[in-house]
Amino acid sequence: MTSQRQPEEKQFAEEVGIFFEQTGMPRMAGRTLGWLMISDPPHQTTGELTEALQASKGSISTMTRYLIRIGIIERISLPGQRRDYFRIKVGAWHQMLKDSLAQITVFRQFTERGLELIEDKAHFNRQWLEEMRDMYAFFEREFPLLLDRWEQEFQKNRRQSGDGKK
């Protein structure tokens, strides 16, 4: 690696890692994703990730498997190469948001069940649960519409830039 921006790039990967950690995910997974977001070429081997992130091969292996499992990156091979490479999966962000909708639905169902359990009681959590249920029901209703609007805008932008295929 000979990039003059290397310290800034490593700092970026670290910041993504810290963000991941703050959301309950492994910091190294975030660092790996952060590096793949800015790496050139956009596909990296385990060895390249190990060197760039100054991490062990085992840690990178574990985190790439994790990121593959949650659908953010993919393992690819290149013609004539014996190594595997990792890159951000096309459509990963859209799929992650779709997955979030399923989580919203489950959480709304939890709040409804909680309300059923305290139905016959004068319970101080009722207002909190009702607010939460209503908020999640709103997101459950509106989120698919927002995703559809995003998809339309994304496709329109791709067609305008000449990248999209119909």
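Here we summarise the structure given alongside this text. (Residues numbered from 1 in each chain as written. Predicted model: local features only at pLDDT ≥ 70, side-chain atom pairs only at ≥ 80, totals over all residues. Heavy atoms only, no water.)

**Digging into the nonpolar core**
- Among the nonpolar cores identified, the biggest contains 19 residues, and Phe20, Leu53, Leu67 and Ile73 are the most heavily contacted of them.
- At the level of secondary structure, the elements contributing two or more residues to this core comprise helix H1 (6–22), helix H2 (27–38), helix H3 (46–53) and helix H4 (57–69).
- The element contributing the most residues to this core is H2, with five residues.
- Apart from residues no more than four positions distant in its own chain, Ile73 is found in contact with Leu33, Leu36, Thr64, Leu67, Ile68, Phe86, Arg87, Ile88 and Lys89.
- Of all hydrophobic cores here, the second largest spans six residues; its members include Leu101, Met132, Tyr136 and Phe143. (Core = buried A, V, L, I, M, F, W, Y, C linked by side-chain atoms within 4.5 Å. Buried < 20%, exposed > 50% of the residue type's maximum accessible area, 1.4 Å probe, protein only. Helix = DSSP H or I, 4+ residues; strand = E, 2+ residues; numbered from the N terminus. Contact = heavy atoms within 4.5 Å.)

**Some thoughts on a nonpolar patch on the surface**
- Residues Met37, Ile38 and Trp93 make up a contiguous nonpolar surface patch of about 270 Å² in total accessible area.
- Of note, Met37 is situated in helix H2.
- Residue Met37 is classed as partly exposed on the basis of its relative accessible area of 41%. (Patch = residues over 30% accessible without salt bridge, like charges linked within 9 Å, V, L, I, M, F, W, Y side chains within 5 Å. Areas by Shrake-Rupley, 256 points an atom, 1.4 Å probe, with all protein chains shown as cover. Salt bridge = Lys/Arg side-chain N within 4 Å of Asp/Glu carboxyl O.)

**With respect to the side chain of Arg108**
- Counting through the fold element by element, Arg108 comes out in helix H5 (residues 92–117).
- Of the polar contacts made by the side chain of Arg108, one reaches the side chain of Glu140; its length is 2.3 Å.
- Here Arg108 is in contact with Arg133, Tyr136, Ala137 and Glu140, once residues within four sequence places are set aside. (Polar contact = N/O pair within 3.5 Å; in protein donor to acceptor, adjacent residues only side chain to side chain.)

**Here's the deal with the side chain of Thr32**
- As for its position among the elements, Thr32 is in helix H2.
- A relative accessible area of 0% places Thr32 in the buried class.
- When near neighbours in sequence (up to four residues on either side) are disregarded, Thr32 contacts Leu49, Leu53, Ile60, Met63, Thr64 and Leu67.

**Looking at the packing of H5 against helix H6 (residues 126–161)**
- Between H5 and H6, the least distance of the axes is 9 Å, while the angle of their chain directions is 155°. Relative to H6, H5 is oriented roughly antiparallel. Crossing handedness for the pair H5 and H6: left-handed.
- Residue composition of the contact of H5 with H6, by class: 14 nonpolar, five polar and eight charged. (Axes fitted to C-alpha atoms, helices over the stretch in contact; angles between N-to-C directions. Parallel < 35°, antiparallel > 145°, perpendicular 65-115°, else oblique. Left-handed = near helix turned anticlockwise from the far one by under 90°. Nonpolar A, V, L, I, M, F, W, Y, C, P; charged D, E, K, R; others polar.)

**Some thoughts on the environment of Phe86**
- In this structure, Phe86 sits in strand E2 (residues 84–88).
- According to the relative accessible area criterion, Phe86 is buried, its value standing at 2%.
- For the pair Phe86 and Arg75, spaced 11 residues apart in sequence, the C-alpha to C-alpha distance is 4.7 Å.
- Residues in contact with Phe86, not counting those within four places in the same chain, are Leu36, Pro42, His43, Gln44, Thr46, Leu49, Thr64, Ile68, Ile73, Glu74 and Arg75.

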